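# Overview (structure and organization)
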Amino acid sequence: MALRHRQALSLHRSSSEFRSLRQWVATNSLSAQRSLQGVSSRFISSSHLTIEQKSDRSNWEHRPSKEDLKFGTTLSDHMLMIEWNVGKGWDTPKIVPYQDLRISPAASSLHYGLQCFEGMKAYRSLLDDNSIHLFRPDKNMERLSNSMHRLHMPGADFDPDELINCIGELVKVDKEWIPSGEGYSLYLRPTVIATHRFLGLAAPESVLLYVITSPVGPYYKTGFNPIKLTSDTHYVRAWPGGTGNAKVGGNYASTMKAAAEAAEEGYSQVLWLFGENDEVTEVGAMNFFVYLINKETQRPELVTAPLTRGDILPGVTRASILDLARSWGEFDVSERYITMGELKEASDDNRLLEAFGAGTAAVVTPVSCIQYKGEDIEIPAVGDLTQRVWDEITGIQYRTREAPSGWIVEL
Ligand SMILES: *Cc1c(COP(=O)(O)O)cnc(C)c1O
């Protein structure tokens, strides 16, 4: 709601924008008032985007073949950078050759975790190799804005459409870096860091928003690879009132130890629980879905944890699966907590049908086993629903299936 309002505002920019900016700066920041003359904009403006092309082709020429791509290791030639400074707002967006950053060792992102990010992809259509597009980028922009708000970062009220335009231009500049074929894409990593050179704990007076991109290949090279989970009753990923619903770096740092301990015991990911009743929240860095026969109704039900308590990351894949499953209307779809006790009972009664993780990197990851209090709960191998969700979402992403309105943004 608030975002839509801001979007509407930005359509009527120019003099009224300047006036509202003046008001906003006046009421929001005393120090900003001091240097109002230097105003750039409260909003990111794609019409002022500048592009500096990389002059040599060595990076491109030395890239691995697409079959050898390993997630997150190869970076493309260009990056997008937009600075926010107090008193100036968002500076002109710039696309520049990929480069290391120079920031102060005192920058508050390096000390207090004032950092957030996004994960999204640009795809090449399987129908027409020259057609490239994004999948529901408005969702990523909304989430990035929310993450910035949660960290009380300035500039969080950027215009989402303008940032999508800038990201679209970045993708077009590095278009040849989007590998073609099913399962291939250009992974996009928008990131916001506080660059303010100040060791005190305070709202930063400067931030940098940048986007780097990385060509990636299929997560599954030879069919699905179901994973074994261990449910963690010791470490907690997120809690009500915390930052579990924001994509902030600090959420991930605290999971490394649990993940390493799980790996030592032969489990590939951690199933995160919360509360006295061991409610299931998420798996690794994915949302968690379970498909079962409901004990009360005896009807099939697809269940994922609700967003209301604020400890669940609102995944774009999660939202898409819920939208599609509800549109099919063939089984119950619930956003509710499920306890490990209920899962165990469903397994004992042979009512536990399928379980999978959901996220941009792998789309869906089937789960074959969950360890809970020393016991393995086995889950039937990849089922029809997991396969159907996969077929439908990847079909939409690669343009072989019709997309619901607004899901595909052509570049
Ligand atoms: C990014 C992420 C997800 C998945 O979100 P998508 O938008 O579907 O990629 C789920 N859980 C956590 C904790 C995440 O960081």
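The shown structure was predicted, so the numbers you read here are calculated from the model rather than taken from an experiment. (Residues numbered from 1 in each chain as written. Predicted model: local features only at pLDDT ≥ 70, side-chain atom pairs only at ≥ 80, totals over all residues. Heavy atoms only, no water.)

## Details of the site of the ligand
In the vicinity of the ligand, 14 residues are found, and the nearest of them are Lys 247, Tyr 252, Glu 282, Thr 317 and Thr 360. Interatomic distance of 2.8 Å between a backbone N/O atom of Val 316 and an oxygen atom of the ligand. The protein chains hide 95% of the 380 Å² of surface that the ligand would expose on its own. If you list the elements that add at least two residues to the shell around the ligand, you get strand 13 (286-293) and helix 10 (316-328). When grouped by side-chain class, the residues that make up the shell around the ligand number five nonpolar, five polar and four charged. (Near = heavy atom within 4 Å. Polar contact = N/O pair within 3.5 Å; in protein donor to acceptor, adjacent residues only side chain to side chain. Areas by Shrake-Rupley, 256 points an atom, 1.4 Å probe, with all protein chains shown as cover. Helix = DSSP H or I, 4+ residues; strand = E, 2+ residues; numbered from the N terminus. Nonpolar A, V, L, I, M, F, W, Y, C, P; charged D, E, K, R; others polar.)

## Thoughts on the confidence of the model for the chain
Residues with a pLDDT of 70 or more make up 90% of the chain, whose mean pLDDT is 91. Low pLDDT, under 50, characterises residues 1-39; the stretch is placed with 42 contacts to residues that sit more than four places away or in other chains. (pLDDT = per-residue confidence, 0-100. Contact = heavy atoms within 4.5 Å.)

## Remarks on the packing of helix 6 (residues 137-150) against helix 7 (residues 160-173)
Two elements in contact, helix 6 and helix 7, have axes separated by 10 Å at closest approach and are oriented at 120 degrees. Comparing the axis directions of helix 6 and helix 7 gives the class oblique. The two elements helix 6 and helix 7 meet at a crossing, and its hand is right-handed. Here Pro 137, Asp 138, Met 141 and Leu 144 of helix 6 come into contact with helix 7, specifically with Pro 160, Leu 163, Ile 164 and Ile 167. Among the residues forming the contact of helix 6 with helix 7, the class breakdown is seven nonpolar, no polar and one charged. (Axes fitted to C-alpha atoms, helices over the stretch in contact; angles between N-to-C directions. Parallel < 35°, antiparallel > 145°, perpendicular 65-115°, else oblique. Left-handed = near helix turned anticlockwise from the far one by under 90°.)

## What to know about the nonpolar core
In terms of nonpolar packing, the biggest core is built from 38 residues, with Leu 80, Trp 90, Met 148, Leu 163 and Leu 209 touching the most fellow members. For this core, the elements supplying multiple residues, two or more each, are strand 2 (78-85), strand 6 (120-124), strand 7 (132-135), helix 6, helix 7, strand 8 (185-194) and strand 9 (206-216). At six residues, helix 7 tops the list of elements feeding residues into this core. In this structure, Leu 209 is in contact with Ile 44, Leu 80, Met 81, Ile 82, Trp 90, Leu 144, Leu 163, Thr 191 and Val 192, ignoring residues within four places of it in sequence. (Core = buried A, V, L, I, M, F, W, Y, C linked by side-chain atoms within 4.5 Å. Buried < 20%, exposed > 50% of the residue type's maximum accessible area, 1.4 Å probe, protein only.)

## Describing the packing of aromatic side chains
Each aromatic ring pair is summarised here by two numbers: the centre-to-centre distance and the angle between the ring planes. Across all of its chains, the model carries twelve aromatic pairs by this definition. Pairing Phe 135 with Trp 407 gives two aromatic rings, centres 5.8 Å apart and planes at 90 degrees, and the pair type is edge-to-face. Residue Phe 135 is located in strand 7, and its partner Trp 407 is located in the loop between helix 12 (384-397) and strand 19 (408-410); the two are separated by 272 residues in the primary sequence. Geometrically, the ring pair formed by Phe 289 and Phe 356 is stacked, given 5.2 Å between the ring centres and 10 degrees between the ring planes. A residue pair is termed long-range when its members are at least 10 positions apart, and Phe 289 in strand 13 and Phe 356 in strand 16 (residues 352-359) qualify at 67 residues. Note on accessibility: Phe 289 and Phe 356 belong to one class, buried. A connected cluster of aromatic rings, assembled from ring pairs, spans Tyr 219, Tyr 220, Phe 224 and Trp 390. In this structure, Arg 63 is placed above the aromatic ring of Trp 60, and the distance from its NZ or CZ to the ring centre is 3.6 Å. When the ring centre of Trp 328 is taken as origin, the NZ or CZ atom of Arg 388, which lies over that ring, is 3.8 Å away. (Phe/Tyr/Trp six-rings, centres within 6.5 Å; stacked < 30°, edge-to-face > 60°. Lys NZ or Arg CZ within 6 Å of the ring centre and 35° of its normal.)

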